[in-house]
Amino acid sequence: MIFSVNPDNEELEHLPEEEFEALNLLERDDLQQWAIEEPRILGEELLVISSEYSQFQDLRDRLDILAIDPTGKLVVVELKRDKADRTTDLQAIKYASYSATLTAEDIQKDYRNFWNDRNDEQYSPEKVGEIFFEFLNQSVTDDVPYMDDGWANFELDDRPRILLAAGSFGAEITSPVMWLIEEYDMDITCTRIEAYRHRDRVILNSQQIIPVPEAEEYLTKRREKQEKQSRTPVTFTLPTLLDRGVLQEDDIVIFDASRVPAESNREYDATEDYWRARVTGKRGQQDNVEWLHDGATYSFTGLTREILHQLMGRDKSEPLNGYKYWIHPEFEGQTLLGLRQSNTRDVDRED
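Not measured: the values here are computed from a predicted model.

What counts, and where the lines are drawn
- Residues numbered from 1 in each chain as written.
- Predicted model: local features only at pLDDT ≥ 70, side-chain atom pairs only at ≥ 80, totals over all residues.
- Heavy atoms only, no water.
- Pairing = 2+ DSSP bridges.
- Helix = DSSP H or I, 4+ residues; strand = E, 2+ residues; numbered from the N terminus.
- Contact = heavy atoms within 4.5 Å.
- Axes fitted to C-alpha atoms, helices over the stretch in contact; angles between N-to-C directions.
- Phe/Tyr/Trp six-rings, centres within 6.5 Å; stacked < 30°, edge-to-face > 60°.
- Lys NZ or Arg CZ within 6 Å of the ring centre and 35° of its normal.
- Salt bridge = Lys/Arg side-chain N within 4 Å of Asp/Glu carboxyl O.
- Buried < 20%, exposed > 50% of the residue type's maximum accessible area, 1.4 Å probe, protein only.

Caption draft 1: A look at the pairing of strand β11 (residues 201-210). Two elements, strand β10 (residues 188-198) and β11, share nine bridges in a ladder whose sense is antiparallel. Note that in β11 the partner of I193 across the bridge is S206. Taking the residues that link successive antiparallel strands as the turn, the β10-β11 hairpin has two residues, and the phi of R199 there is positive, at about 55°.

Set out below in structure tokens:
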């Protein structure tokens, strides 16, 4: 129940729940638009990728909202203004199956197109990449946070979630949803959105009814365990190159001459210690490469930021992919990022 309290006289006023239709509120023009602008109406933190999404090949269906949660799972959102009808769950399952083929780059491009049109913006791939990188949990992103073209580099879970949001749910929805959760471990959430009128305002209240909050932690841990057992491990650049023998302790890598800024205040000389670094062989976040110029250890990204800051005053907080700034002279001068992506191994070293 929702009450309004007058702090002056401590008078309580009970606010009766009302149907959206009685409040002259529409599903697409009101509820859906509010959820796009403030996804917490749906009961959790989400990043909305698109609405009325229809980028499924050879299909005319449109899902209400496509979003992503901080753990890197796509969220298929089906909205119903009042009571969810008996096909709502089937619609959502169909959309989830379509969405399972999308990649991290696909959804970032869709995000860019949707928000550029909606807000009359001109988001670049780099800007979209930053938005996703800041939203996602750190455990989801790679040690190289951005792709060459600016998109965020992360692993998109291939099992989309389903979120059904409605004014109410009958047994024709709750029963099959509970069965799918318990028997097939499907990740489905039912959130009830209640509407109240208070003077000249409408008050919304979101309440998750499935799974019940007491069971949600258990179900989350169960899914995490299953996913760890079944998912192919994420490959990170530095451990991958070390495991392949492409990088070895005491290897010397050189700053790529083509990456030296035109406005650099220092002349490039590949034999000078300023442009050279030694691989330590360690796999930590801050100690995997020693800059021969000062003898300090850095991450590849941290060292690259430091050099660019000294050369041209570049802000150290700006994102970049450090592995594409360094070349390995024993592999035809390929960048470390290129060596990882080309599946190069120790046997490919030049004699």
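Picking up where we left off.
Caption draft 2: Fine view of the sheet that holds strand β16 (residues 326-328). Taken in spatial order, the six strands of this open sheet run β15-β14-β13-β12-β16-β17, and their pairing is antiparallel. A strand with exactly one partner marks an edge of an open sheet, and here the two such strands are β15 (297-298) and β17 (334-335). Bridge count for β16 against β17 is two bridges, and the pairing is antiparallel. Within β17, the position partnered with I327 by the bridge is T335. Together, β12 (252-255), β13 (276-279), β14 (289-291), β15 and β16 form the strand contacts of helix α8 (residues 300-312), whose direction differs from that of β14 by roughly 20°.

Caption draft 3: Structural detail: the side chain of K324. With respect to the secondary-structure elements, K324 resides in the loop between α8 and β16. When near neighbours in sequence (up to four residues on either side) are disregarded, K324 contacts M147, D148, D256, R259, T335 and L337.

Caption draft 4: Structural view of the packing of aromatic side chains. On inspection of all chains with the given rule, the structure shows 17 aromatic pairs. Summarising the aromatic geometry, the rings of W179 and Y184 are spaced 5.2 Å apart at their centres and angled 75° between planes, so their arrangement reads as edge-to-face. Aromatic ring contacts, followed pair by pair, group F255, Y268, Y274, W275, W291, Y298, F300, Y323, Y325 and W326 into a single cluster. Directly above the ring of Y325 sits R259, whose terminal nitrogen or CZ lies 5.1 Å from the centroid.

Caption draft 5: A look at the pattern of salt bridges. Counted by the stated rule, this structure contains 22 salt bridges. Of the charged contacts, one joins R161 and D69 as a salt bridge, the two residues approaching to 2.9 Å between their closest N and O atoms. In this pair, R161 sits in strand β9 (residues 161-168) while D69 sits in the loop between β5 (63-68) and β6 (74-83), placing the two residues 92 residues apart along the sequence. Accessibility expressed as a relative area gives 7% for R161, which makes it buried. Classification of D69 by relative accessible area gives buried; the value is 6%. Notably, a salt bridge pairs R349 with E330, separated by 2.7 Å at the nearest N-O pair. One end of the pair, R349, is in the segment after α9 (336-341); the other, E330, is in the loop between β16 and β17, with 19 residues separating them in the sequence.

None of the figures reported here should be taken as evidence of function without further support.
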